[in-house]
Amino acid sequence: MKRSVDARQRELKVHLTVLVDEKGKPIAKEAPIPLYTPPVFQNVHNAEREVVIIGAGPAGLFAALTLIEHGIKPIIYERGKEVSERKRDIALLNRNEGLNPESNYCFGEGGAGTFSDGKLFSRSKKRGNMQRVMELFHFFGAPDTVLYEAHAHIGSDKLPTIIKNMRECILSHGGEIHFETKVESLKPHLTSPQGEEKGKTVTPVILAIGHSAHDTYRMLAAEGVKLETKGFAMGVRAEHPQALINRLMYHLTKPHLTSPQGRNTPLEGEKEGVIKYLGNASYSLVTQVDGRGVYSFCMCPGGHIVPAGSTADTCVVNGMSASHRNSPFANSGMVVQINPEDIPGDDPLRGLEYQEALEREAFKQGQAPLNSPIEGGRSSAPAQRLRDFVEGKASKDLPKCSYLPGIVPSRLDQWLPPHIGKRLQQGFRDFDKKYPGFLTNDAVILGVESRSSSAVRIPRDPETLQSVSTPGLYPCGEGAGYAGGITSSALDGINAALKIADLA
Ligand SMILES: Cc1cc2nc3c(=O)[nH]c(=O)nc-3n(C[C@H](O)[C@H](O)[C@H](O)COP(=O)(O)OP(=O)(O)OC[C@H]3O[C@@H](n4cnc5c(N)ncnc54)[C@H](O)[C@@H]3O)c2cc1C
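Scope of this entry: the structure provided in the associated data block. Numbering of residues starts from 1 in each chain and follows the order in which that chain's sequence is written. Restriction of local features to residues with pLDDT of at least 70 applies here, the model being predicted, together with a cutoff of 80 or more for giving and counting side-chain atom pairs; totals for whole chains, interfaces and linings are based on all residues. Excluded from the side-chain calculations are hydrogens and water; all other atoms, namely the structure's heavy atoms, are used.

Our focus in this paragraph is the overall build of the protein. Numbered from the N terminus, helices here are DSSP runs of H or I no shorter than four residues, and strands are runs of E no shorter than two. Counting secondary structure elements, the protein contains 12 helices and 20 strands. Here, two residues are considered to be in contact whenever any of their heavy atoms come within 4.5 Å of each other. Put simply, 74% of the contacts in the protein that link residues at least 6 apart link residues at least 24 apart. Every accessible area reported is derived by Shrake-Rupley at a probe size of 1.4 Å, with residue values counting cover from the shown protein chains alone. Carbon and sulfur atoms make up 52% of the accessible area of the protein, which totals about 22300 Å².

See below:
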């Protein structure tokens, strides 16, 4: 039923939850069995009720599927392209042939979750039926492991097919999806029950725009939707050789693999066996520096760093991995908590401006001095060896890195705001105390990891889930500031749809 690995101690432990019969015998010999009720989707071609959904990320898609289960027709507007066409734009971006501002790692079918690591877990257990999210992913083609692994992972090679299967289900049951259709005003979609439409059935609008659509936030502000600044985090993405992370996290540096039988030296091949069984190691690190959290975020073992910006004059990095997680690199966001009071002013969008300013600086720093400039700039990223960054030294050269558009030596120690840079330096020292060897010049950091969470909240009524300023508008997912990551965003979409279904 559940499998988790505890590698914190020298003796690795695998915890299993097993379903047994009354005699204590495991019920299923071959794990896992899909112990869930498959969803039943209704024909909504001519459904009486319709719901507009803006955004086809995890929140929008799971909302649409849930509406169809309840006999309601979803009409989805997505600014990006469908997943196979989106792949082509992403290939161009990785080859440094330009960014399509409407079709990239953030925008397009499946949202930011499509070309991601596909880690499926949420830190919060309180938000609702997380297992249902896993079941729906499984139903649409995710591997059995999503049903029982504590830290389930799909991978960017498998996600596009799953997303395509979801789309086909939505369309074949009568839902609509309009790609390459950016919503530039809520007015055509939203009719307020307070206005002249009073008494008329209002078509609810689920707003599932993610947190990278800064232009859409600005449109919402201009149209009077209440927005507020929320805390977020920014920093860099660090990349180590995966072999080093395996050694540190699985404690493979010493002959300590003591088995319960008392053997205290590893047998030939045992170390490799550990990795074969457990997969490349990941880590989760956290410390406090000067009153703010410094932590690893979205760690991708055996993965790649990717250009995750959505405008041509910014540099944003993030990470992904394929299902086998077998690249020789281990990357992770390393971010510093930023509170609203850290940014002067009272504009609810000031967090976005703070993000954008640093992203533009990273872009500038990442441009020099490569040849063959392209229109709109390259996607190359500024980088510094990790120990050099912490010690405030220039890196004479850079190690190999998974980031396809290329990296450029840069003094991140000098141009990151001290609020972030100094804390990161101390954070890396702290992490090295915990895992000696983590702070090494074999690792490199790239700037900037700026989109780990939303800098804006679209406040909503906790009971009705509708915007506090705009009746009929259901802000949900990561862009609403109530979710972070694939599973919690998907669940938030389900909850919005259930709320609408209940109002029938
Ligand atoms: C490279 C990368 C790797 C990641 N890895 C992981 C991971 O391993 N695990 C994890 O849990 N999370 C990961 N994340 C984060 C995760 O993808 C997001 O948390 C999640 O996708 C948020 O879901 P969402 O539906 O709220 O928004 P999004 O996925 O951002 O989707 C929003 C959609 O709305 C569309 N949109 C925006 N504005 C408009 C408009 N005006 N009109 C029409 N459409 C619009 C966008 O094009 C987009 O498709 C990763 C993100 C990135 C970029």
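Glancing now at the sheet that holds strand β20 (residues 473-475). In this description, strands pair whenever DSSP reports at least two bridges between them. Across the sheet, which stays open at both edges, the five strands sit in the order β7-β4-β3-β8-β20 with parallel pairing between neighbours. Unpaired on one side and paired on the other, β7 (176-178) and β20 mark the two borders of the sheet. Mean inter-strand twist for the sheet, computed between neighbouring axes without regard to direction, equals 20 degrees. Bridge count between strand β4 (residues 73-77) and β7: three bridges; the pairing is parallel. Bridge pairing in β7 places Ile75 opposite Glu176. Angular values range over 0 to 180 degrees, each being the angle between N-to-C directions of two axes fitted as lines to C-alpha atoms, with helices fitted over their stretch in contact.

Right, let's get into the side chain of Arg451. Tracing the sequence through the fold places Arg451 in the loop between β18 (444-449) and β19 (456-457). Not counting chain neighbours up to four residues away, the residues in contact with Arg451 comprise His211, Ser212, His214, Ser310, Val316, Gln355 and Glu359.

Turning our attention to the packing of aromatic side chains. In this analysis, rings of Phe, Tyr and Trp, with Trp reduced to its six-membered ring, are considered paired at centre separations within 6.5 Å, and the interplanar angle assigns stacked below 30 degrees, edge-to-face beyond 60, and tilted for intermediate values. Applying the stated criterion to the full structure yields 10 aromatic pairs. Relative to Phe139, the ring of Phe41 lies with its centre 6.1 Å away and its plane at 55 degrees, an arrangement referred to as tilted. Highlighted residues: Phe41 in the loop between β2 (13-17) and β3 (50-54) and Phe139 in helix α3 (residues 130-139), separated in sequence by 98 residues. Buried, partly exposed and exposed residues are distinguished by accessible area as a fraction of the type maximum, computed with a 1.4 Å probe on protein chains only: under 20%, between the cut-offs, and over 50%, respectively. By relative accessible area, which is 13% here, Phe41 ends up buried. Overall, Phe139 belongs to the partly exposed group, its relative accessible area being 35%. For the ring pair Phe431 and Phe438, a centre distance of 6.3 Å and an interplane angle of 85 degrees mean the geometry is edge-to-face. For the pair Phe431 and Phe438, a shared accessibility class is recorded, and that class is buried. A network of ring pairs unites the aromatic residues Tyr283, Phe389, Phe428, Phe431 and Phe438 as a single cluster. For a Lys NZ or an Arg CZ to count as sitting over a ring, it must be within 6 Å of the ring centre and within 35 degrees of the ring normal. We note Arg457 situated over the ring of Tyr482; from NZ or CZ to the ring centre the distance is 5.7 Å. In this arrangement the basic side chain of Arg460 is found over the ring face of Tyr482, its NZ or CZ atom lying 3.9 Å from the centre.

Only buried residues count toward a nonpolar core. Its members are Ala, Val, Leu, Ile, Met, Phe, Trp, Tyr and Cys residues joined through side-chain atoms within 4.5 Å. Counting 77 residues, the largest nonpolar core has Leu220, Met334, Leu424, Phe428, Phe438 and Leu446 as the members making the most contacts within it. All domain edges in this entry derive from an automatic or database-based domain assignment. The residue makeup of this core includes at least three contributed by each of domain 1 (50-227 + 458-502) and domain 2 (232-449). Core analysis: the next-biggest nonpolar cluster, separate from the first, contains 49 residues, Ile53, Leu61, Val133 and Ile486 among them.

Around the ligand, the structure places 37 residues, and the nearest of them are Ala59, Glu78, Ala112, Glu478 and Ile486. Contacts described as polar in this section are N or O atom pairs within 3.5 Å, which, within protein, must combine one atom able to donate a hydrogen with one able to accept it, while residues neighboring in sequence count only if both atoms come from side chains. A distance of 2.6 Å is found between an oxygen atom of the ligand and a side-chain nitrogen or oxygen belonging to Glu78. In the model, a nitrogen atom of the ligand is placed 3.1 Å from a nitrogen or oxygen of the Arg79 main chain. Only α1 (58-69), β14 (317-320) and α12 (486-502) provide two or more residues apiece to the shell around the ligand. Amino acid classes used here: Ala, Val, Leu, Ile, Met, Phe, Trp, Tyr, Cys and Pro are nonpolar; Asp, Glu, Lys and Arg are charged; the rest, including Gly, are polar. Of the residues that constitute the shell around the ligand, the class distribution is 16 nonpolar, 15 polar and six charged. Both domain 1 (50-227 + 458-502) and domain 2 (232-449) contribute no fewer than three residues apiece to the shell around the ligand. The rule for a residue being near a molecule or strand is that one of its heavy atoms must lie within 4 Å of it.

Attention shifts here to the packing of helix α5 (residues 214-222) against helix α8 (residues 350-367). For the pair α5 and α8, the least separation of the axes is 11 Å and the interaxial angle reads 155 degrees. Classed by the angle they form, the pair α5 and α8 counts as roughly antiparallel. The handedness of the crossing between α5 and α8 is left-handed. Counted together, His214, Tyr217 and Arg218 of α5 and Leu352, Glu353, Gln355 and Glu356 of α8 form the full contact between these two elements. A per-class count over the contact of α5 with α8 returns two nonpolar, two polar and three charged. An angle below 35 degrees is read as roughly parallel, one above 145 as roughly antiparallel, one from 65 to 115 as roughly perpendicular, and any other as oblique. In this scheme, a crossing is called left-handed if the near helix is turned counterclockwise away from the far one by less than a right angle; it is called right-handed if the turn is clockwise.

Salt bridges are counted wherever a side-chain nitrogen of Lys or Arg sits within 4 Å of a carboxyl oxygen of Asp or Glu. The tally for this structure, following the rule as stated, stands at 27 salt bridges. In this structure, Glu353 and Arg218 form a salt bridge, with 3.8 Å as the shortest nitrogen-oxygen distance. Placement of the pair is Glu353 in helix α8 and Arg218 in helix α5, with a sequence separation of 135 residues. Owing to a relative accessible area of 32%, Arg218 belongs among the partly exposed residues under this scheme. For the salt bridge of Asp492 with Arg460, the shortest nitrogen-to-oxygen distance reads 2.9 Å. Note that Asp492 is positioned in helix α12 and Arg460 in the loop between β19 and β20, a separation of 32 residues in sequence. Take Asp492 and Arg460: they sit in the same class, and that class is buried. Residues joined in a network through salt bridges with shared partners are Arg79, Glu102, Lys182 and Asp215.

Moving on, we come to the pairing of strand β12 (residues 292-300). Looking along a regular strand, one sees the side chains alternate between the two faces of the sheet. Here four bridges tie strand β11 (residues 286-289) to β12, and the two strands are oriented antiparallel to one another. Its bridge partner lying in β12, Gln288 is registered against Gly293. Linking β11 back to β12 in an antiparallel pair, the connection comprises two residues, with Asp290 at a positive phi of about 50 degrees.

You can see Arg132 is positioned in helix α3. Overall, the relative accessible area of 17% leaves Arg132 in the buried class. Taking C-alpha positions, Arg132 is 9.8 Å from Pro38, a pair spaced 94 residues apart along the chain. Dropping the residues within four chain positions of it, Arg132 is found in contact with Tyr36, Thr37, Pro38, Pro39 and Glu69. A polar atom in the side chain of Arg132 sits 2.8 Å from the side chain of Glu135.

This next bit is on the packing of α3 against α12. Where α3 contacts α12, the axes come no closer than 9 Å and their chain directions differ by 100 degrees. When the axes of α3 and α12 are compared, the pair comes out roughly perpendicular. Between α3 and α12, the contacting residues are Met130, Val133, Met134, Leu136 and Phe137 on the first element and Ile486, Thr487, Ser488, Ala490, Leu491 and Ile494 on the second. Looking at the contact of α3 with α12, its residues break down into nine nonpolar, two polar and no charged.

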